[in-house]
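Structural overview
Chain residues, written in single-letter form:
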Amino acid sequence: MHTDEYEISLNRELKICESAIRKATKYFASMKTKYGLETAFFIEKYNSGSLGKSREFNSWAEKYKGFQEWETRRSQYKELLRMMKI
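Below you will find a few notes about this structure. Fair warning: this is a prediction, and the values are worked out from it, not measured in the lab. (Residues numbered from 1 in each chain as written. Predicted model: local features only at pLDDT ≥ 70, side-chain atom pairs only at ≥ 80, totals over all residues. Heavy atoms only, no water.)

This part covers the pattern of salt bridges. Pairing between side chains of opposite charge can happen when the charged atoms of each approach one another. Taken as a whole, this structure holds 5 salt bridges when the rule is applied. The partner of Lys32 in a salt bridge is Glu38, and the shortest N-O contact between them spans 2.6 Å. The exposure class of Lys32 is partly exposed, given its relative accessible area of 39%. Residues Arg74 and Glu71 are paired through a salt bridge, measuring 3.9 Å at the closest nitrogen-oxygen approach. One end of the pair, Arg74, and the other, Glu71, are both in helix α3 (residues 55-84), 3 residues apart, so they sit about a helical turn from each other. (Salt bridge = Lys/Arg side-chain N within 4 Å of Asp/Glu carboxyl O. Buried < 20%, exposed > 50% of the residue type's maximum accessible area, 1.4 Å probe, protein only. Helix = DSSP H or I, 4+ residues; strand = E, 2+ residues; numbered from the N terminus.)

Laid out in structure tokens, this is it:
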């Protein structure tokens, strides 16, 4: 059942996701500048244990996990919105 309220809510949630993704992307850019590592490469090294465990590295890894969750949610909301337009 499609109502305007559902569409409004999904659009609001989509905007929240996009805002969180933008913030995370800015954070990753600042970490790249600081450490000279792309986030994907950092995560690979972090997970292998070759970088050690610092508070900042732990935070970076956690932010990346959250980023992936936000991207998943964004995809789901976009798909739901697409289905509403059919």
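In this section: helix α1 (residues 4-35). Counting along an α-helix, one turn takes 3.6 residues, and residues three or four places apart therefore face a common direction. In this model α1 runs 46 Å from its N-terminal to its C-terminal C-alpha over 32 residues, within 8% of the 46 Å that 1.5 Å per residue would give. Within α1, the full set of buried residues consists of Glu7, Leu10, Leu14, Cys17, Ala20, Ile21, Ala24, Tyr27, Phe28 and Met31. Check the buried side of α1 and you find it contacts α2 (39-48) and α3. Downstream of α1 by a residue or two, Gly36 has a phi angle that is positive, lying close to 70°. (Expected span 1.5 Å × (residues − 1). Contact = heavy atoms within 4.5 Å.)

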